[in-house]
Amino acid sequence: MSEKLHTVPAEWAKRAHVDAAKYDADYARSIQDPDGFWGEVGKRVDWITPYTKVKNVSYAPGNVSIKWYEDGALNVSANCVDRHLATRGDQVAILWEGDDPKDSKAITYRELHEQVGRLANALKSRGVKKGDRVTIYLPMIPEAAYAMLACARIGAVHSIVFGGFSPDSLAGRIEGCESKVVITADEGLRGGRKVPLKANTDAAIAKAGGVDTVFVVTRTGADVAWTEGRDVRYEDAVAEASPDCEPEAMNAEDPLFILYTSGSTGKPKGVLHTTGGYLVYASYTHQLIFDYHDGDIYWCTADVGWVTGHSYIVYGPLANGATTLMFEGVPNYPSSSRFWEVVDKHKVNIFYTAPTAIRALMSGGEEAVKKTSRESLRLLGSVGEPINPEAWEWYYRVVGDSRCPIVDTWWQTETGGILITPLPGATDLKPGSATKPFFGVRPELVDAEGKVLEGAAEGNLVIADSWPGQMRTVYGDHKRFEETYFSTYPNKYFTGDGCRRDADGYYWITGRVDDVINVSGHRMGTAEVESSLVAHEKVSEAAVVGYPHDIKGQGIYAYVTLMSGVEGDDALRKELIAWVRKDIGPIAAPDLIQFAPGLPKTRSGKIMRRILRKIAEDEFGALGDTSTLADPGVVDDLIDHRQNKK
Ligand code: 6R9
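Right, let's walk through the structure included here. Keep in mind that this is a model prediction, so the values were computed, not measured.

What to know about the sheet that holds strand 22 (residues 452-453)
So, point 1. Here we have five strands laid out as an open sheet, ordered 22-21-23-25-26, and antiparallel in their pairing. Strands at the two margins of the open sheet, each flanked by one partner only, are strand 22 and strand 26 (507-512).
So, point 2. When strand 21 (residues 443-446) meets strand 23 (residues 457-463), the two strands line up antiparallel, connected through four bridges. Among the inter-strand pairings, Pro443 is bridged to a residue of strand 23, identified as Ile463.

Structure (structure tokens):
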């Protein structure tokens, strides 16, 4: 591990919202007096009814209940749009850069207000009301932000499904939250390739049922199938609707959105975030961690289909009256200079991306970066997975010209916003470390028995107390919420991540300790991939683990046992990869498939993944105790297969 220290540049300490002394003082106060601290911070958003209560949280087993600002009322879209009209109506809210470099447009706060109002009324005219769920399946176009804010305006709960997910995955998510309305586009456009979003939606609805309205944005103008009475042309609907729509007064604890995410077991969970605490936390973290100042151009390269897009493309930045750049394309189209060309074109000051993108660009060499200016850049950010020190140094030196601090931000769909991170004016940086907790965040390391480890130590990462942006429940399944996050270590939130704390109190996330694989910063449950594989007629059994991958961070390694009489060859490998890709989506496609005559199991029939992980990592000497296996010979067989494949 690199222990190089990049100290805070003097001009940063002076200009930033938070310097080292303020970090120490405010952090201490946020922990000693959460009610006082968050009571003040909560005033940063506009309330229709001011709150008198701040925090009301129980992590007690069987009685987990999380409430913040519970007697306050507010509207998220009014906070992200209306309240900026008087002071910055003509300022650009969304700077959109299309897949094609010739395609871009700027949407001011005034235009955003009109678009959101119109769509909110169009939703109402199709019967959508407070509490109803709306599924959004859109590419990275401004309409995605309009759709989120229009839902928030009328109190509807949005559930965004990433455009890369398959019809089956979309169907599961439509069914899971019983959406009657889907907002999609004819086609998406990424890296010059078309994505058949409307056709996927049709296939999903045929499976899920219950959908009575599909709004279809015209993105490519493709000829798509049309169901009269159900399908509505987005452009017609908003043209007919009035731009004036009174924002609904929402209780702080009313749901804002559901976002499905993979866990270690079962189907993806609907993570539920609510209104008040989420908005306060997203806006506060955005301002302090990215040190956002008026006039800055801020760009987060995530997709709105992931939580990073929710909190740090749309809600946080817009609540702060920022200019947020939204990018439809991919890092290497038309060339691997694209990110930096966009930075130069729009004079981006703050740039936030994922380690997988950095590693991919790094492998393409410095030239593609160095031929651009990037002089507008002031701050860089990283999210989604651990960033290896080599990639960190490359990002710092090549992209940032050794001038821009890097904020390595650790958080999760469940946390709503960033929990462990440097503050650029306050925190000395160590490449590869997410550094220190944000205000109000109490990280702890525990061993397998739940004993809290002090000082320099390595263990499982838990958070000892709540923060306003925390998820409130698993949609429709509070029991699963308690079991997943609060039962392993009672009275603490369990993150599922492993972590090391060094002697300076810096946190180093080591990766997931559960059966979740982090592929290019996207979460995938091994159980999901396994159940897809075993649904194939030639597969009898499958076990999936992660293995180190140069670009993706982790790749998907599948051990597959075939039905008797079926021969495993390269054609079948391809067939199975295509099968999973179609079933779940491209991000779930296995990178490697090893045909295994048998899997290592305990005598009670449980697959020993620990052993499979070690074999996939080529660590044959570190298999540990295999004596409890029903048939220890299986392991030698697997190792033979693994070695012969090379
Ligand atoms: C925001 C987001 C969450 C998981 C998380 C962890 C990994 C995210 C990280 C990081 C090391 C960072 N992760 N940020 N690991 N350093 N800066 O990515 O949410 O998709 O729910 O993934 O991603 O393993 O548990 P999500």
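We are not done yet, so read on.
Side note on the packing of aromatic side chains
So, point 1. Evaluation of the coordinates by the stated rule reveals 44 aromatic pairs.
So, point 2. Where Phe257 meets Tyr315, the ring centres are 6.4 Å apart and the plane angle is 5°; that geometry is what we call stacked. Of the two residues, Phe257 sits in strand 14 (residues 255-261) while Tyr315 sits in helix 12 (residues 307-319), which places them 58 residues apart along the sequence.
So, point 3. Taking relative accessible area as the criterion, Phe257 reaches 0% and is therefore assigned buried.
So, point 4. By relative accessible area, Tyr315 is classed as buried at 0%.
So, point 5. Arranged with centres 6.4 Å apart and planes meeting at 35°, the rings of Tyr284 and Phe439 form a pair that is tilted. Residue Tyr284 is found in helix 11 (residues 276-289), and its partner Phe439 is found in the loop between strand 20 (406-409) and strand 21; the two are separated by 155 residues along the sequence.
So, point 6. Overall, the relative accessible area of 0% leaves Phe439 in the buried class.
So, point 7. Ring pairs connect the aromatic residues Tyr23, Tyr27, Phe37, Trp38, Trp47, Tyr51, Trp68, Tyr69, Tyr281, Tyr284, Phe438 and Phe439, which therefore count as one cluster.
So, point 8. In this arrangement the basic side chain of Arg233 is found over the ring face of Trp226, its NZ or CZ atom lying 4.5 Å from the centre.

A few points about the site of the ligand
So, point 1. Around the ligand, a shell composed of 17 residues is seen, among which Asp408, Thr409, Thr413, Asp497 and Arg512 lie nearest.
So, point 2. Compared with its free state, where it exposes 530 Å², the ligand has 96% of that area covered by protein.
So, point 3. The set of elements that each furnish at least two residues to the shell around the ligand consists of helix 12, strand 20 and strand 26.
So, point 4. Of the residues that constitute the shell around the ligand, the class distribution is six nonpolar, six polar and five charged.

Structural notes on the sheet that holds strand 8 (residues 181-185)
So, point 1. Across the sheet, which stays open at both edges, the eight strands sit in the order 12-11-8-6-7-14-15-24 with mixed pairing between neighbours. This sheet does not close on itself; its edge strands, each paired only once, are strand 12 (231-233) and strand 24 (473-474).
So, point 2. In this sheet, strand 11 (residues 213-217) lies alongside strand 8 in parallel orientation, the contact comprising five bridges. Bridge pairing links Thr184 to Val216 in strand 11.

What counts as what
- Residues numbered from 1 in each chain as written.
- Predicted model: local features only at pLDDT ≥ 70, side-chain atom pairs only at ≥ 80, totals over all residues.
- Heavy atoms only, no water.
- Pairing = 2+ DSSP bridges.
- Helix = DSSP H or I, 4+ residues; strand = E, 2+ residues; numbered from the N terminus.
- Phe/Tyr/Trp six-rings, centres within 6.5 Å; stacked < 30°, edge-to-face > 60°.
- Buried < 20%, exposed > 50% of the residue type's maximum accessible area, 1.4 Å probe, protein only.
- Lys NZ or Arg CZ within 6 Å of the ring centre and 35° of its normal.
- Near = heavy atom within 4 Å.
- Areas by Shrake-Rupley, 256 points an atom, 1.4 Å probe, with all protein chains shown as cover.
- Nonpolar A, V, L, I, M, F, W, Y, C, P; charged D, E, K, R; others polar.

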